[in-house]
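Listed below are the residues making up each chain.
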Amino acid sequence: MSQIRVVLAEDGDLLRAGVLALLDPYDDIDVVATATSLPELLAAVDEHRPDVLLTDIRMPPDFTDEGVRAAGELRRTHPDVGVVALTQYADVEYALDLVREGSDGRGYLLKERVADVDELVAALRTVAAGGSVIDQIVVDALVATGTRRHDSLLDRLTPRELEVLSMVARGMTNAAIAGELVITDRAVEKHINSILTKLDLPANAPVHRRVAATLVFLSEAGVGGGVAPRR
């Protein structure tokens, strides 16, 4: 099993120590450096060239969106380094910014996922392999609101297409959607192709079209800054 080299950027001493302890038993995860600020984070990535950066979104110097800014800069300077961003808020704007230049090698998780170390490790492995992870709570919280912006792109969709898109956003496969709606797989494919066309998602989009459709759904459905984390 090949090792995944990780830089951990977290300014909270207790959480940083906790993450290190939780990841220690996993033979394929090697935390090669830690950082407590954006400058330290960038320096550690330059020095150690990790496979994945596991970072808090808000940290010194400004406690705003340092983790997201780091991901954007690394996309240009170290494109092979994956980024898993941790936050205590299900803020979709951050998730959108994180994948704006492509979803490959990017993950967005709530900090409460740290307690479920298997899920955190699965996210690290997925992102290290070039995949993407969006926290299901971010999706579920916004799907549950049932609201969307005025003049939303989603207004282009039929009620059935909106229903299908909400299931895509929940991470359901075509087969699962077909079973839930009692329609054929082919019918699901036709709905999804129509959705992608109506949302103006070209085949050569930098973000995978299915992920892009999910992000459109999230950005248009009930986004007003952030959704409170699950208690």
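- If you look the protein up in an unreviewed UniProt entry, it shows as Response regulator transcription factor from Nocardioides eburneiflavus.

## Side note on the overall build of the protein
Then comes step 1: When you go through the protein residue by residue, the secondary structure sums to ten helices and six strands.
Then comes step 2: Carbon and sulfur atoms make up 51% of the accessible area of the protein, which amounts to about 10900 Å² in all.

## Digging into the pairing of strand E4 (residues 82–87)
Then comes step 1: Counted residue by residue, E4 has six buried out of six residues, so it is predominantly covered.
Then comes step 2: Taking every second residue as pointing to the same face, both faces of E4 are buried, with Gly 82, Val 84 and Leu 86 on one and Val 83, Ala 85 and Thr 87 on the other.
Then comes step 3: Taken together, the five bridges between strand E3 (residues 52–56) and E4 define a ladder with parallel strand orientation. Within the sheet, the bridge partner assigned to Leu 54 lies in E4 and is Val 84.

## Re the sheet that holds strand E2 (residues 29–35)
Hydrogen bonds between backbone atoms are what pair the strands of a sheet, whose relative direction is either parallel or antiparallel.
Then comes step 1: Taking strand neighbours across the sheet as the criterion, the six strands line up as E2-E1-E3-E4-E5-E6 in an open arrangement whose pairing is parallel. The sheet terminates laterally at E2 and strand E6 (132–134), the two strands that pair on one side only. Here the average twist between neighbouring strands, direction ignored, is 20°.
Then comes step 2: Note that strand E1 (residues 4–9) and E3 share four bridges and pair parallel. Bridge pairing in E3 links Val 7 to Leu 53.
Then comes step 3: The strands touched by helix H2 (residues 38–48) are E1, E2 and E3; relative to E2, the strand with the most contacts, the crossing angle is about 135°.

## Some details on the nonpolar core
Within soluble globular proteins, side chains that are nonpolar generally end up buried alongside one another.
Then comes step 1: In terms of nonpolar packing, the biggest core is built from 28 residues, with Leu 41, Leu 53, Leu 74 and Leu 98 touching the most fellow members.
Then comes step 2: Among the secondary structure elements, those contributing two or more residues to this core are E1, E2, H2, helix H3 (66–77), E4, helix H4 (92–98) and helix H10 (209–220).
Then comes step 3: Leave out the neighbours within four places in its chain, and Leu 41 touches Ala 9, Ala 35, Leu 53, Thr 55, Met 59 and Ala 70.

## Description of the environment of Glu 10
Then comes step 1: If you trace the backbone, Glu 10 turns up in the loop between E1 and helix H1 (13–23).
Then comes step 2: With a relative accessible area of 5%, Glu 10 lands in the buried category.
Then comes step 3: A sequence separation of 26 residues divides Glu 10 from Thr 36, and the C-alpha atoms of the two residues are 5.1 Å apart.
Then comes step 4: Beyond its immediate stretch of four places on either side in the chain, Glu 10 contacts Leu 15, Arg 16, Ala 35, Thr 36, Asp 56 and Lys 111.

About the cut-offs
Residues numbered from 1 in each chain as written. Predicted model: local features only at pLDDT ≥ 70, side-chain atom pairs only at ≥ 80, totals over all residues. Heavy atoms only, no water. Helix = DSSP H or I, 4+ residues; strand = E, 2+ residues; numbered from the N terminus. Areas by Shrake-Rupley, 256 points an atom, 1.4 Å probe, with all protein chains shown as cover. Buried < 20%, exposed > 50% of the residue type's maximum accessible area, 1.4 Å probe, protein only. Pairing = 2+ DSSP bridges. Axes fitted to C-alpha atoms, helices over the stretch in contact; angles between N-to-C directions. Contact = heavy atoms within 4.5 Å. Core = buried A, V, L, I, M, F, W, Y, C linked by side-chain atoms within 4.5 Å.

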